[in-house]
Amino acid sequence: MDTDVFRAWITDIATVIREQRDHLTQLDAAIGDADHGANLDRGFTAVAAALEADPPASPGAVLTLTGRTLISKVGGASGPLYGTAFRRAGKSLGDTSDVDLTALAAALEAALGGIQQLGAAKEGDKTMVDVLAPATSAFSKAVAEGQSAADALGALVAAAQAGAEATVSMQALKGRASYLGPRSVGHEDPGAASSALILAALRDAVLASP
Ligand code: ADP
Ligand code: MG
């Protein structure tokens with residue numbers, strides 16, 4: 001997976017977030033402050049412009065620029081969390097020009113580690129971690145077993161979607177939704193939904209590459 005694949009991943013995220021902006025905002029209206037779609041749309045629009053203006057020369061540099069831009073452009077909890085995730089993933093890739101599945105798995109683990117270090121959410125707290133943790137673990141396991149890219153990325157996305165779905169019945173223990181207490185039950189977490197979109201875009205970008 002070369003720099004073009006990572007650039008395609010990020011621009012695909014910008015497109016899908018734009019398409020799902022109102023849906024993400026509606027999810028956040030139910031248990032938060034109705035800005036998640038707008039926050040991410042603003043952030044990834046700025047990221048797409050930054051990638052265009054000064055195209056990074058390596059996969060790691062694409063992710064690092066993405067993270068830096070999200071941190072500077074997105075207010076709210078999700079900007080620093082996703083920003084840190086992409087920066088950690090970029091750092092994990094280093095300056096390699098061709099990323100294999102093992103390096104991608106390590107980068108996703110590093111991203112999750114950054115989010116948990118910053119936000120201190122555990123699985124079950126009804127956050128993006130409920131998508132990223134099971135998805136990363138399913139992907140790492142599939143890669144360690146020697147599965148193909150298509151199968152490993154299929155496992156990643158299946159676990160992500162199941163994780164997002166599972167947040168519906170959880171009570172929020174972190175973030176703004178936790179202020180609602182038991183009233184947060186019965187709604188999908190917006191950050192979990194956006195994380196599932198981001199990981200589906202990764203699968204699509206990798207499998208579309210020649
Ligand atoms: P804000 O809550 O500041 O309005 P957003 O609406 O953009 O920010 O993002 C909300 C999402 O951020 C939540 O749905 C949740 O998934 C995620 N989130 C909030 N706090 C945490 C945390 N401590 N750890 C992980 N994710 C979190
Ligand atoms: Mg919000």
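Scroll up a little and you will see the structure.
It should be emphasised that the depicted structure is a prediction, and the values quoted were computed from it without experimental measurement.

Reading the values: the criteria
Residues numbered from 1 in each chain as written. Chains lettered and ligands numbered in written order. Predicted model: local features only at pLDDT ≥ 70, side-chain atom pairs only at ≥ 80, totals over all residues. Heavy atoms only, no water. Helix = DSSP H or I, 4+ residues; strand = E, 2+ residues; numbered from the N terminus. Buried < 20%, exposed > 50% of the residue type's maximum accessible area, 1.4 Å probe, protein only. Lys, Arg positive; Asp, Glu negative; His and termini not counted. Salt bridge = Lys/Arg side-chain N within 4 Å of Asp/Glu carboxyl O. Polar contact = N/O pair within 3.5 Å; in protein donor to acceptor, adjacent residues only side chain to side chain. Axes fitted to C-alpha atoms, helices over the stretch in contact; angles between N-to-C directions. Parallel < 35°, antiparallel > 145°, perpendicular 65-115°, else oblique. Left-handed = near helix turned anticlockwise from the far one by under 90°. Contact = heavy atoms within 4.5 Å. Patch = residues over 30% accessible without salt bridge, like charges linked within 9 Å, V, L, I, M, F, W, Y side chains within 5 Å. Areas by Shrake-Rupley, 256 points an atom, 1.4 Å probe, with all protein chains shown as cover. Charge placed at Lys NZ, Arg CZ, Asp CG, Glu CD. Donors = N, O, S within 2.8 Å, 3.2 Å for Na, K, Ca; no water. Core = buried A, V, L, I, M, F, W, Y, C linked by side-chain atoms within 4.5 Å. Phe/Tyr/Trp six-rings, centres within 6.5 Å; stacked < 30°, edge-to-face > 60°.

Enquirer: Explanation requested: the side chain of Asp189 in the structure shown.
Expert: Relative to the elements of secondary structure, Asp189 occurs in the loop between α7 (149–166) and α8 (190–208). Lys126 is the oppositely charged side chain nearest to the buried, salt-bridge-free Asp189, at an N-O distance of 6.6 Å. Of note is the side chain of Asp189, whose polar atom sits 3.2 Å from the backbone nitrogen of Gly191.

Enquirer: Would you explain the packing of helix α1 (residues 3–31) against helix α2 (residues 36–53) in this entry?
Expert: For any two helices packed against each other, the geometry is given by the interaxial angle and the distance between the axes. Contact geometry for α1 and α2: axes closest at 7 Å, N-to-C directions at 165 degrees. The angle between the axes of α1 and α2 places the two elements in the roughly antiparallel class. Between α1 and α2 lies a crossing of left-handed hand. Across from Arg7, Ile10, Ile13, Ala14, Ile17, Arg18, Arg21, Leu24, Thr25 and Asp28 in α1, the residues of α2 making contact are His36, Gly37, Ala38, Leu40, Asp41, Phe44, Thr45, Val47, Ala48 and Leu51.

Enquirer: Explain the pattern of salt bridges here, please?
Expert: When the charged atoms of two side chains with opposite charge come close together, those side chains can pair. Going through the model one piece at a time under the given rule, you end up with six salt bridges. The closest approach of N and O atoms between Asp4 and Arg7, which form a salt bridge, is 3.3 Å. Separated by three residues within a single helix, Asp4 and Arg7 lie in helix α1, roughly one turn from each other. Judged by its relative accessible area of 49%, Asp4 is partly exposed.

Enquirer: Explain a positive patch on the surface here, please?
Expert: A cluster of like positive charges, contributed by Arg68, Arg87, Arg88 and Lys91, occupies part of the molecular surface. With three residues, helix α4 (residues 78–93) is the single largest residue contributor to the positive patch. Summarising the element assignment, Lys91 is placed in helix α4. Overall, the relative accessible area of 69% leaves Lys91 in the exposed class.

Enquirer: Mind showing me how you'd approach the coordination of the magnesium ion (ligand 2) here?
Expert: Six octahedral donors around a metal ideally subtend angles of 90 or 180 degrees, whereas four tetrahedral donors ideally subtend 109.5 degrees. Looking at the metal site, the magnesium ion (ligand 2) is ligated by Asp28 (OD), Asp33 (OD) and Asp35 (OD), spaced 2.0 to 2.2 Å from it. For the magnesium ion (ligand 2), the donor residues sit on a single chain with the sequence spacing D-x4-D-x1-D. What makes Asp28 buried here is its relative accessible area of 8%. Overall, the relative accessible area of 32% leaves Asp33 in the partly exposed class.

Enquirer: Which parts of the structure should I look at to understand the packing of α2 against α4?
Expert: Between α2 and α4, whose axes approach to 10 Å, the crossing angle comes to 40 degrees. With respect to α4, the element α2 is oriented oblique. With respect to the hand of their crossing, α2 and α4 are arranged in right-handed fashion. Of the residues in α4, those touching α2 at His36, Asn39, Leu40 and Phe44 are Ser78, Tyr82 and Phe86.

Enquirer: In this structure, what is going on with the nonpolar core? I would like to understand it.
Expert: Core analysis: the biggest nonpolar cluster contains 61 residues, and Phe6, Trp9, Phe44 and Phe139 have the highest contact counts within it. Within the residue set of this core, elements represented by two or more residues are α1, α2, α3 (59–73), α4, α5 (101–119), α6 (129–144), α7 and α8. Apart from residues lying up to four places away in sequence, Phe6 is in contact with Met1, Pro59, Val62, Leu63, Leu93, Val99 and Leu104.

Enquirer: Help me out: how do you make sense of unusual backbone geometry in this one?
Expert: With glycine set apart, most residues show a phi of negative sign, and most peptide bonds adopt trans. Although it is not a glycine, Ala34 adopts a positive phi angle of roughly 60 degrees. Mapped onto the elements of the fold, Ala34 is located in the loop between α1 and α2. We note that Ala120 has phi near 55 degrees; this positive angle belongs to a residue other than glycine. Among the secondary structure elements, Ala120 is positioned in the loop between α5 and α6.

Enquirer: Even after reading the chapter, I still don't get the packing of aromatic side chains, so can you show me in this structure?
Expert: Geometrically, a pair of aromatic rings is defined through the distance of the ring centres and the angle of the planes. Within the structure shown, the criterion is met by three aromatic pairs. Arranged with centres 5.6 Å apart and planes meeting at 50 degrees, the rings of Trp9 and Phe86 form a pair that is tilted. Of this pair, Trp9 sits in helix α1 while Phe86 sits in helix α4, and the two are 77 residues apart along the sequence. Each member of the pair, Trp9 together with Phe86, is buried. Judged by centre distance (6.2 Å) and plane angle (75 degrees), the ring pair of Phe44 and Phe86 falls under edge-to-face. Residue Phe44 is found in helix α2, and its partner Phe86 is found in helix α4; the two are separated by 42 residues along the sequence.

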